[in-house]
Amino acid sequence: MNIDFNKNQDGLVPAIIQDAITSKVLMLGYMNKEAYTKTIETGKVTFFSRTKSRLWTKGEESGNFLNLVSIKNDCDQDSLLVKVNPVGPTCHKGTDTCWEETNEQSFGFLSELENVIKSRRENADSKSSYVASLFEKGINKIAQKVGEEAVEIVIEAKDNNDELFLNEGADLLFHYLILLQAKGYTLNDVVKVLEGRHS
């Protein structure tokens, strides 16, 4: 990899640190050639500390290391995207990221939908909210709805109506997310099981 450490007078390039699993940006640091080399050799992300004027391996004092997964150079060869598996919080203030964000897996709209389901379960009136009414009826009714939607998607899979098939798939996934919350789980718990099987 050809990194242009000479582009800036101080010989430093910015290194964006990203969680390899959640894709959350954790922090921004700077590397010179020596920091980059040490990172590759040790598998622990090392920066050049501008305040300490020396190489600094993240976690050398706290134990909250950033274990290297991969490094990519950008199109101008003057900044790095460093993917890591963090050990503990990344920020020196004790937060997951330097922007005080929680480093959690996000599944885009599905995560938003989970939050809506949770909110309806906790706050909505069962007379005005379908989701709240299902939770009020209990686990048996919720499980029954998942079963019904599963049968319907199987039926639609045998036909040639793509729109109906996709709609039944959406219904099944929606009701499964409700069932997960009724059992005290989230989509992330299911993903962890799949990841465990993959490895």
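The structure this text deals with has already been given above.
Structure report, in brief. (Residues numbered from 1 in each chain as written. Predicted model: local features only at pLDDT ≥ 70, side-chain atom pairs only at ≥ 80, totals over all residues. Heavy atoms only, no water.)

For the protein chain, the helix and strand inventory stands at 6 helices and 6 strands. When its helices and strands are written in sequence order, the protein chain yields β-β-α-β-β-β-β-α-α-α-α-α. Relative to the 2.2 N^0.38 estimate, which gives 16 Å for 199 residues, the radius of gyration of the protein chain is 23 Å and therefore markedly larger than a compact globule would have. Projected onto the principal axes, the alpha-carbon positions of the protein chain cover approximately 65 × 40 × 30 Å. Taking all 199 residues of the protein chain together, the buried fraction comes to 31%. Taking the contacts inside the protein chain whose residues are at least 6 apart along the sequence as the reference set, 47% of them involve residues at least 24 apart. Taken as a whole, the protein chain presents about 12400 Å² of accessible surface, with 50% of it coming from carbon and sulfur. (Helix = DSSP H or I, 4+ residues; strand = E, 2+ residues; numbered from the N terminus. Rg over C-alpha atoms; globule rule 2.2 N^0.38 Å. Buried < 20%, exposed > 50% of the residue type's maximum accessible area, 1.4 Å probe, protein only. Contact = heavy atoms within 4.5 Å. Areas by Shrake-Rupley, 256 points an atom, 1.4 Å probe, with all protein chains shown as cover.)

Further remarks concern the pattern of salt bridges. Under the counting rule described, the total for this entry stands at 5 salt bridges. Between Lys24 and Glu101 there is a salt bridge; the shortest N-O distance is 3.8 Å. Taken as a pair, Lys24 in the loop between β1 (13–19) and β2 (25–31) and Glu101 in the loop between β6 (80–86) and α2 (109–123) lie far apart in primary sequence, 77 residues in all. Note on Glu101: relative accessible area 35%, which makes it partly exposed. The partner of Lys145 in a salt bridge is Glu149, with the nearest N and O atoms 3.8 Å apart. Of this pair, Lys145 and Glu149 are both found in helix α4 (residues 139–157), 4 residues apart, which corresponds to roughly one turn of the helix. Judged by its relative accessible area of 16%, Lys145 falls in the buried class. The exposure class assigned to Glu149 is buried, which follows from its relative accessible area of 5%. Overlapping salt bridges, with partners in common, bring together Lys145, Glu148 and Glu149 in one network. (Salt bridge = Lys/Arg side-chain N within 4 Å of Asp/Glu carboxyl O.)

Honestly, it's all geometry; don't read function into it.
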